[in-house]
Amino acid sequence: MPCEVSEETILKELEEFSCSVTDESVLSKMKELCFVYQLDAVQMVSNWVAFATTKNIDSEVTVDLLNQLEREELNKKVKTPKSSRRSQKTQHVYNATTIDLINSSIDDDLLEGYGTPTGRPSLQGQKRIRTPENAVIKRLNTDGRSPGLPFSPASISPGGVTPSTKYGNRTTSGDVVSFFGNEGDFVWKSSKQQRCAIKYYDEENSLKEKYSYMFEKLRERASVLNNCIEDMAAFLQKKHKIEEWSHIRLPMPEEINVVGRVVCDGNGKLNSSSLLLEGSRETCSGQTVQLDVNNLKEYSFFPGQILAARGINNQGMKLVLKHLYQNVLLPFPECCDSQSEMSEPLQLVVAAGPFTTSDTLSYEPLHDLIHYIKEHKPHACILIGPFVDAKHEEIEKGSMNETYENFFEQQVESIALSLEGSGTQLILVPSIRDIHHELIYPTPPFTLKKKFENIHCVPDPSLLNIDGVVIAVTSTDILFHLGKEEISFRPGTSDRLGRLAQHILSQHCFYPLYPPTEEMCIDYENFELFAKLPVTPHILILPSDLRNFIKNVDGCCCINPERLTKGLVGGNFARIQVATLNPTESRSSIISSIKAEIVKI
């Protein structure tokens, strides 16, 4: 049973997920649930976040909602004795009088059994706690829409969509919630600026077009996973000057150096008692060994992590870890040739979808962002999907009267025409939640029917070179996925969000978690080609549902701008400024030249 949980610990975890609490009785109720169901603070808050996400709850935490969580979720996790389960099975006797052949719910369940599970709850019978808007989606009338109209919510939204009342009543627009760099305001020029050069960091090894998937074999996946261990082992062996790696199951009374992948001994959540280390084929024939971490002063593990350590394995059955070798970051790009030499600081705006509130398809937040870009004229704007969100309530209802592809094309065309002549270039990054695009990771770039000079479509993930500044960006919420699976032990205070970002840099990979979360569909052959980090980027953009941050992680500026919208209300976006560097200045140390802000939309 976990140690007693304090209300301060629960409040700290809630703040990590940007959950607001105004009633002290909420913390008392959560503490009570932790005691009854043997949960710690992290598990309790994780249960709440999962419940709120499933139910589309955008309001603050209340005691009534916690009672609903207990009834619908926590009670189900209490194990029922075998005798009672056996008695429950024998209670029902089905015959001609007890079977209701006209019961529509049985028919619905039967039909659902022939479909592909989507991982999302059914809309039928699902109660949503939100303000009713009574918005009616009318039939689209695109005949009279002129492509030359200025950008507005009406120009990219289905006709007759009611604007979001709650978003329109916001009072914090423009507020800066987080700042990074030297004190002082940004210097945004309103005049037309120089055109920046945008290209891939590695042109030859970048995903530029669609590929065939769903043909992967287990043997091919196993080969890719083994290569990840071998590549990291060779890198760490050179950096830490280790002579050789030992077999993890070899009985040795002396300390040995081992390397492998962290895995769980079952289907449950990883914990300190279920840790296993899986070795490579070449060194360990793919065998696993149990890990004992009681002698470590601090640690942080997650499934899929490539771990190098020193320990003792007396009998070949359990490896007692004595020391963890720090995973070393890849070198920074020393020099990145640019197509243009700008005489002014590079200015960027970064925003991640969804780009409309959950109660309407009016795209007001996107309109406000484009208005901000037109006013301040940054050199580039990185827009990260989803653009047509598969999890949006109106999309799930299927109430749109045109194809998702056409709807997305109209968005892009309206934005491109609105920003024409402003000098700002748009970079579009897709998401696996884009219902009109490929549901695969790595995700190929969008294919637009019309070509626009100021729009660049890149894949997810991407490693870009923008005038010598290397920027890594992904739309996948890897921070949230890692946060649900990671276990750590660090006495005193610990920067959890910075530690999650550091895992990505130290593992040299955009998505180091394995097995991945259920919503991820990964093609591991292309994962090996396009989801690895060949260098440590200057800026790493990791949009997430977790709390926004801008952090210096071992010389890399890591940014989580959150989402442009969060349910019924507006969210945040980021703006970045990189000062002009001298030609002789090393590109590997530009962290001191970066200013960044998280701004309320």
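Reading the values: rules and limits
Residues numbered from 1 in each chain as written. Predicted model: local features only at pLDDT ≥ 70, side-chain atom pairs only at ≥ 80, totals over all residues. Heavy atoms only, no water. Helix = DSSP H or I, 4+ residues; strand = E, 2+ residues; numbered from the N terminus. Buried < 20%, exposed > 50% of the residue type's maximum accessible area, 1.4 Å probe, protein only. Axes fitted to C-alpha atoms, helices over the stretch in contact; angles between N-to-C directions. Parallel < 35°, antiparallel > 145°, perpendicular 65-115°, else oblique. Contact = heavy atoms within 4.5 Å. Pairing = 2+ DSSP bridges. Phe/Tyr/Trp six-rings, centres within 6.5 Å; stacked < 30°, edge-to-face > 60°. Core = buried A, V, L, I, M, F, W, Y, C linked by side-chain atoms within 4.5 Å. pLDDT = per-residue confidence, 0-100. Left-handed = near helix turned anticlockwise from the far one by under 90°. Nonpolar A, V, L, I, M, F, W, Y, C, P; charged D, E, K, R; others polar.

Some details on the environment of M214
Here is step 1: By the element assignment, M214 lies in the loop between β2 (198–200) and α9 (218–239).
Here is step 2: For M214, a relative accessible area of 72% gives the class exposed.
Here is step 3: Considering only alpha carbons, one finds M214 and I440, 226 residues apart in sequence, at a separation of 9.2 Å.

Overview of the packing of helix α1 (residues 7–16) against helix α2 (residues 24–37)
Helices that pack against each other are described as a pair by the angle of their axes relative to one another and the distance between those axes.
Here is step 1: Running from amino to carboxyl end, α1 crosses α2 at an angle of 105°, the nearest separation of the two axes being 9 Å. In terms of orientation, α1 lies roughly perpendicular with respect to α2. Seen from α1, the contacting residues are E7, I10, L11 and L14; seen from α2, they are L27, S28, M30, K31 and C34.

Some points on the side chain of T357
Here is step 1: Here T357 is to be found in the loop between β9 (346–352) and α11 (364–376).
Here is step 2: Not counting residues up to four positions away in its chain, the partners in contact with T357 are S164, Y167, P365, H392, T565, G567, L568 and V569.

Focus: the pairing of strand β7 (residues 306–313)
Regular strands have side chains that alternate between both faces of the sheet.
Here is step 1: Most of β7 is tucked away: seven of the eight residues are buried.
Here is step 2: As paired elements, strand β3 (residues 252–264) and β7 share seven bridges and run antiparallel to each other. Of the residues in β7, the one forming a bridge with V258 is A309.
Here is step 3: Relative to strand β8 (residues 318–324), β7 is paired through four bridges, and the arrangement is antiparallel.

Remarks on the packing of aromatic side chains
Here is step 1: Overall, the coordinates contain 14 aromatic pairs when judged by the stated rule.
Here is step 2: Ring geometry for Y524 and F527: centres 5.3 Å apart, planes at 55°, overall tilted. Here the residue Y524 and the residue F527 both occupy positions in helix α16 (residues 524–530), the gap between them amounting to three residues, near one helical turn. Here the two residues Y524 and F527 agree in accessibility, since each one is buried.
Here is step 3: A network of ring pairs unites the aromatic residues F355, F387, F408 and F446 as a single cluster.

Brief notes about the nonpolar core
Here is step 1: Formed by 74 residues in total, the largest nonpolar core has its most connected members in I10, W48, Y441 and L540.
Here is step 2: Setting aside chain neighbours within four positions, we find I10 in contact with V5, L27, M30, K31, C34, A41 and V45.

Things to note about the environment of K217
Here is step 1: Note on placement: K217 falls in the loop between β2 and α9.
Here is step 2: Looking at K217, the relative accessible area reads 54%, which means it is exposed.
Here is step 3: C-alpha separation for the pair K217 and Y524, spaced 307 residues apart in sequence, amounts to 9.7 Å.

Observations regarding the sheet that holds strand β21 (residues 572–578)
Here is step 1: Here seven strands make up an open sheet; going across it, the order is β1-β22-β21-β9-β10-β11-β12 and the pairing mixed. Two strands in the sheet have a free side with no partner beyond their single neighbour: β1 (176–180) and β12 (455–457). Averaged over all neighbouring strand pairs, the angle between strand axes comes to 15°, with direction disregarded.
Here is step 2: Relative to β12, strand β11 (residues 425–429) runs parallel, the two being bridged by three bridges. Each residue of the ladder has a partner; that of I427, found in β12, is H456.

Quick word on the sheet that holds strand β16 (residues 539–541)
Here is step 1: Spatially, six strands are ordered β2-β13-β14-β16-β18-β17 in an open sheet, and the strand pairing comes out mixed. Sheet topology places β2 and β17 (549–553) at the edges, where each strand pairs with a single neighbour. Taken pair by pair, the neighbouring strands of this sheet meet at an average axis angle of 25°, ignoring direction.
Here is step 2: Bridge count between β17 and strand β18 (residues 556–560): five bridges; the pairing is antiparallel. Residue pairing for β18: F549 is matched across the bridge by N560.
Here is step 3: Sitting on the sheet, helix α15 (residues 496–506) is in contact with β16, β17 and β18, with an inclination near 55° to β17.

Here's the deal with the confidence of the model for the protein chain
Here is step 1: Across the protein chain, the average pLDDT comes to 83, with 81% of residues at or above 70.
Here is step 2: The spread of mean pLDDT over the elements of the protein chain runs between helix α5 (residues 82–89), the lowest at 43, and β16, the highest at 98.
Here is step 3: For the stretch residues 79–94, pLDDT sits under 50, and the model shows three contacts to residues farther than four places along the chain or on other chains.
Here is step 4: In the predicted structure, residues 115–149 sits below a pLDDT of 50 and forms 52 contacts with residues beyond four places in sequence or in another chain.

Side note on the pairing of β11
Here is step 1: For β11, the tally of buried residues reaches five of five residues, placing the bulk of the element in the interior.
Here is step 2: Along β11, one buried face is formed by Q425, I427 and V429 and the opposite face, lined by L426 and L428, is buried too.
Here is step 3: Here strand β10 (residues 380–384) pairs with β11 via five bridges, running parallel. Opposite L383, over in β11, you have L428 as the bridge partner.

Considering the packing of α2 against helix α4 (residues 63–74)
Here is step 1: The interhelical angle for the contact between α2 and α4, taken along N-to-C directions, is 20°, at an axis separation of 9 Å. Comparing the axis directions of α2 and α4 gives the class roughly parallel. Where α2 crosses over α4, the handedness of that crossing is right-handed. Contacts between α2 and α4 involve S25, V26, K29, M30, L33 and Y37 from the former and V63, L66, N67, E70 and L74 from the latter.
Here is step 2: Here the residues of the contact of α2 with α4 sort into seven nonpolar, two polar and two charged.

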